[in-house]
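Read off the chains here:
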Amino acid sequence: MVTVEQILDLLADTLINSPEVDLSMVRGNQKTIRDGLIQLGRDNSEKLILFEKDLKANEEDFVGEQDGNSLTSIVEDFDPNLDISQCSFAIGFDAGSPPIIQSIVLTADGDTFNMTNIFYNGENGNPINLSQFMNLQELTQDIDIGLAEEYLDTTIFELLPEMTLRQQRIINFFNEFQNLVGHEPQFNPGMDGIIDVDENGVYINNEYYSENHDISAAQDTPDEGIQEEDSFITRLEQDANSNNEQYTLQGLRSTLNNYLQDIDQELPPLQDERPIYRNQSDGYLKFRNLNQGIIIRNTENEFLKGLDPDNPTWLDTGFSITMWVKFLDKSSQGTLFNYGNPFRENQDEAFGFSLETYVLRRDDAVGVKGYDDALADNTWGEIFQDGNQLDLTYDDVAPSEGFFSEDNAERFIRLVVKDEGKLRGSHVGMPFLDRREGLPEFNTADQFTEPPDGYEIGELPFDHTFGLMTNTRVPIDYSEWYFICATFNPNIQEDLSHNDSSIYGEYKNNSDFWRGNVSPDNQYTHHSTYGAQSKVEIISKTDLLRARGFKVD
């Protein structure tokens, strides 16, 4: 069924496609608001009025409705089965300028209808049905191609969607893998580190794990175990269904192995190309006990050169004692080397020097009261093991050297030299104990050193025996040889190191200073000329050979 609106649309389409219709004719039939009224004809500066329907835009076409020869009555008489495609308009124009419509004829399924007086009548002011068209003006602009190529970028790029950076893709891959790999199996290896497996070499709880982890199991048995949307990558190829044959952790591992063959290969062990040290001597003397040894004497002269007790030149020139020693137990103690006896009870008759070793046992009582609350019956372990279990103040801080941590005994070596009115020992200052003049002794206070004015022998400077813990420490190792180097250097300013309050106050607890390796300006050196005149240093055979580049078993 054809409607009035369709007829109006068909007329407008026919008009706009007519060669006689131009831009000026369209503007002359457009409507605008001027002086508050809808007016016919507009210029380009005035706003165009557009209507939702052609019925409203062309109200003038319905002025003659009451005469019976109207657009509405004609359309109502059409066959109900008539389609708009069976209708057409023929519009005739005269040859004038501008051209004027002479006739408008509608053909509907073979029937013709003269519609000129309905749609256009120059006398009664019915405009042509062109008011619903926008101005269409074809414009062109000449372009100087040479200037365009000079000033314009003529390179054209294809517009592509936003691309993800390669780095971000890698990050996204690992994030997604972490989300899909699932939880690890609880293998629970035994005491021997072996995981229990079945006859196929798969750990015995794999069936339960697969049912509650793998997407293959979730797809094959949807009513059991984990749901598909909550499942993860299938772990083993044997558990994969047809959807996941190529998507398993086992298959991924096999692929990764191809990329990591270099780090997976087992390299041959490194060959130790260092030479093996060969002892230069054919053997050595063995003393069953430390107090057994060899007495050296000069059969031609009363004394060995430089060792005349009436002319102690060693106190002016100094000396060194070196030897290799292996300690076969943790109980033997005594003299390693001595000349004379610096420990004679009558110090006026004492002379010489002694290199000796001693052992302090963790559970032995110290024998002499010291510090704040340390009693004579407190043990070496209670006082000197790490942890300060007696809550003592010490001289500075509690011991933290690991005494008695690897064995129930500690071995030490010291060099004692009788130097006129005093004994000079190789003990040093430690964080827990200031370095004192005199000599620390066993189970007693210092019985040999002349004390300051106002004090008696045994009162100062060592009124206790704790200084024994500050001598050179030897590891308890029955299989190791140790090279011992004991030196006495009278040119070391030991007395000044004690008597200068600024020096002593700064370095009384610094063991490196008393070994001559730190100068008063706090610089490390091989020889500072300050510290203790007696010094004992050791190095194991293993460390010595390793330092010299030899192979060590």
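Let me sum up the structure you'll find in this document. On a predicted model such as this, the values are computed, not experimentally measured, just so you know.

Points about the overall build of the protein
- For the protein, the count of helices and strands is 17 helices and 13 strands.
- Within the protein, the proportion of its 553 residues that are buried is 35%.
- Contacts in the protein between residues far apart in sequence, at least 24 positions, make up 60% of those at least 6 positions apart.

Section: the nonpolar core
- In this structure, Ile7, Leu71, Phe78, Phe89, Ile104, Met115 and Phe119 are the most contacted members of the largest nonpolar core, which totals 28 residues.
- Of all the elements in the fold, those that place two or more residues in this core are helix H1 (4-16), helix H2 (23-29), helix H4 (71-76), strand E3 (87-93), strand E4 (101-108) and helix H5 (116-119).
- Dropping the residues within four chain positions of it, Phe78 is found in contact with Val2, Ile7, Leu106, Ala108 and Phe113.
- Membership of the second largest hydrophobic core comes to 27 residues, among which are Phe384, Phe403, Phe432 and Phe466.

A short note on the pairing of strand E10 (residues 422-425)
- Both strand E9 (residues 409-419) and E10 contribute to a ladder of four bridges, which runs antiparallel. Bridged to Val417 within E10 is Arg424.
- Between E9 and E10, which pair antiparallel and follow one another directly, the connecting turn spans two residues, one of which, Glu420, has a positive phi of 55°.

Considering the sheet that holds strand E6 (residues 319-325)
- As summarised here, the arrangement of the three strands in space is E6-E12-E13, forming an open sheet in which the pairing is antiparallel. Edge positions in the sheet fall to E6 and strand E13 (534-540), since each of these pairs with one other strand and no more. Ignoring which end each strand starts from, the neighbouring axes of this sheet average 15° apart.
- Judged from the seven bridges that link them, E6 and strand E12 (residues 482-488) form a sheet pairing that is antiparallel. Its bridge partner lying in E12, Thr322 is registered against Cys485.

Topic: the side chain of Thr379
- As for its placement among the helices and strands, Thr379 is situated in the loop between strand E8 (351-361) and helix H13 (380-384).
- Beyond its immediate sequence surroundings of up to four residues, Thr379 is in contact with Arg362, Asp363, Asp364, Ala365 and Val366.

Quick word on the sheet that holds E4
- Read from one edge of the open sheet, three strands run E3-E4-E5, paired in antiparallel fashion. Each edge of the sheet is formed by a strand with only one pairing partner; in this case those strands are E3 and strand E5 (111-114). Along the sheet, successive strands turn relative to each other by an average axial angle of 20°, direction set aside.
- For E3 and E4, the ladder comprises seven bridges, and the chain directions are antiparallel. When the sheet's bridge partners are listed, Phe93 is paired in E4 with Ile101.
- Packing against the sheet, H1 makes contact with E3 and E4, and its axis sits at approximately 45° to E3.

Section: unusual backbone geometry
- Residues other than glycine seldom take positive phi values, yet Tyr394 does so here, at roughly 55°.
- Structurally, the position occupied by Tyr394 is in the loop between H13 and E9.

Observations regarding the pattern of salt bridges
- Throughout the structure, instances matching the rule amount to 17 salt bridges.
- As a salt-bridge pair, Lys508 and Asp434 come within 3.8 Å of each other at their nearest N and O atoms. Of this pair, Lys508 sits in the loop between helix H15 (501-507) and helix H16 (511-514) while Asp434 sits in the loop between E10 and strand E11 (472-474), and the two are 74 residues apart along the sequence.
- Of the charged contacts, one joins Glu494 and Arg435 as a salt bridge, the two residues approaching to 3.5 Å between their closest N and O atoms. With a gap of 59 residues between them, Glu494 in helix H14 (residues 494-499) and Arg435 in the loop between E10 and E11 connect regions that are remote in the sequence.
- Glu494 gets classed as buried once you look at its relative accessible area, which sits at 4%.
- Relative accessible area serves as the criterion here: at 1%, Arg435 is assigned to the buried category.
- One network of salt bridges, with partners in common, ties together Asp419, Lys422, Arg424, Arg435, Glu437, Glu494 and Asp495.

Remarks on a nonpolar patch on the surface
- Taken together, Leu285, Phe287, Ile294, Ile296 and Leu304 make up a surface patch of nonpolar side chains, about 520 Å² in accessible area.
- Residue position: Ile296 is located in the loop between helix H11 (261-264) and helix H12 (314-317).
- For Ile296, a relative accessible area of 61% translates into the label exposed.

Considerations on the packing of aromatic side chains
- Under the counting rule described, the total for this entry stands at 22 aromatic pairs.
- The interplanar angle of 75° and the centroid separation of 5.2 Å between the aromatic rings of Tyr277 and Phe550 together place this pair among those described as edge-to-face. Separated by 273 residues along the polypeptide, Tyr277 in the loop between H11 and H12 and Phe550 in the segment after helix H17 (541-547) bring together distant segments of the chain.
- Just above the ring of Trp514 sits the side chain of Arg435; from NZ or CZ to the centre is 5.2 Å.

Some words on H1
- Between its first and last C-alpha, H1 extends 19 Å over 13 residues, near the 18 Å set by a 1.5 Å rise per residue.
- When H1 is considered as a whole, its buried residues turn out to be Val4, Glu5, Ile7, Leu8, Leu10, Leu11, Ala12 and Leu15.

As for the side chain of Lys535
- When you line up the elements, Lys535 lands in strand E13.
- One buried charged residue, Lys535, forms no salt bridge at all, with the nearest opposite charge on Glu537 at 4.1 Å.
- A distance of 3.1 Å separates the side chain of Lys535 from the backbone oxygen of Arg515, its partner in a polar contact.

Digging into the environment of Thr164
- The topology assignment puts Thr164 in the loop between helix H6 (145-151) and helix H7 (166-181).
- Ignoring sequence-local partners within four residues, the contact set of Thr164 consists of Arg169 and Asn172.

Examining the environment of Leu439
- In this structure, Leu439 sits in the loop between E10 and E11.
- Distance in space between the C-alpha atoms of Leu439 and Leu423 is 6.5 Å, their sequence separation being 16 residues.

Comments concerning the environment of Lys53
- With respect to the helices, strands and loops of the structure, Lys53 is situated in the loop between strand E2 (37-40) and helix H3 (54-57).
- For the pair Lys53 and Asp9, spaced 44 residues apart in sequence, the C-alpha to C-alpha distance is 9.3 Å.

Cut-off values and rules
Residues numbered from 1 in each chain as written. Predicted model: local features only at pLDDT ≥ 70, side-chain atom pairs only at ≥ 80, totals over all residues. Heavy atoms only, no water. Helix = DSSP H or I, 4+ residues; strand = E, 2+ residues; numbered from the N terminus. Buried < 20%, exposed > 50% of the residue type's maximum accessible area, 1.4 Å probe, protein only. Contact = heavy atoms within 4.5 Å. Core = buried A, V, L, I, M, F, W, Y, C linked by side-chain atoms within 4.5 Å. Pairing = 2+ DSSP bridges. Axes fitted to C-alpha atoms, helices over the stretch in contact; angles between N-to-C directions. Salt bridge = Lys/Arg side-chain N within 4 Å of Asp/Glu carboxyl O. Patch = residues over 30% accessible without salt bridge, like charges linked within 9 Å, V, L, I, M, F, W, Y side chains within 5 Å. Areas by Shrake-Rupley, 256 points an atom, 1.4 Å probe, with all protein chains shown as cover. Phe/Tyr/Trp six-rings, centres within 6.5 Å; stacked < 30°, edge-to-face > 60°. Lys NZ or Arg CZ within 6 Å of the ring centre and 35° of its normal. Expected span 1.5 Å × (residues − 1). Lys, Arg positive; Asp, Glu negative; His and termini not counted. Polar contact = N/O pair within 3.5 Å; in protein donor to acceptor, adjacent residues only side chain to side chain.

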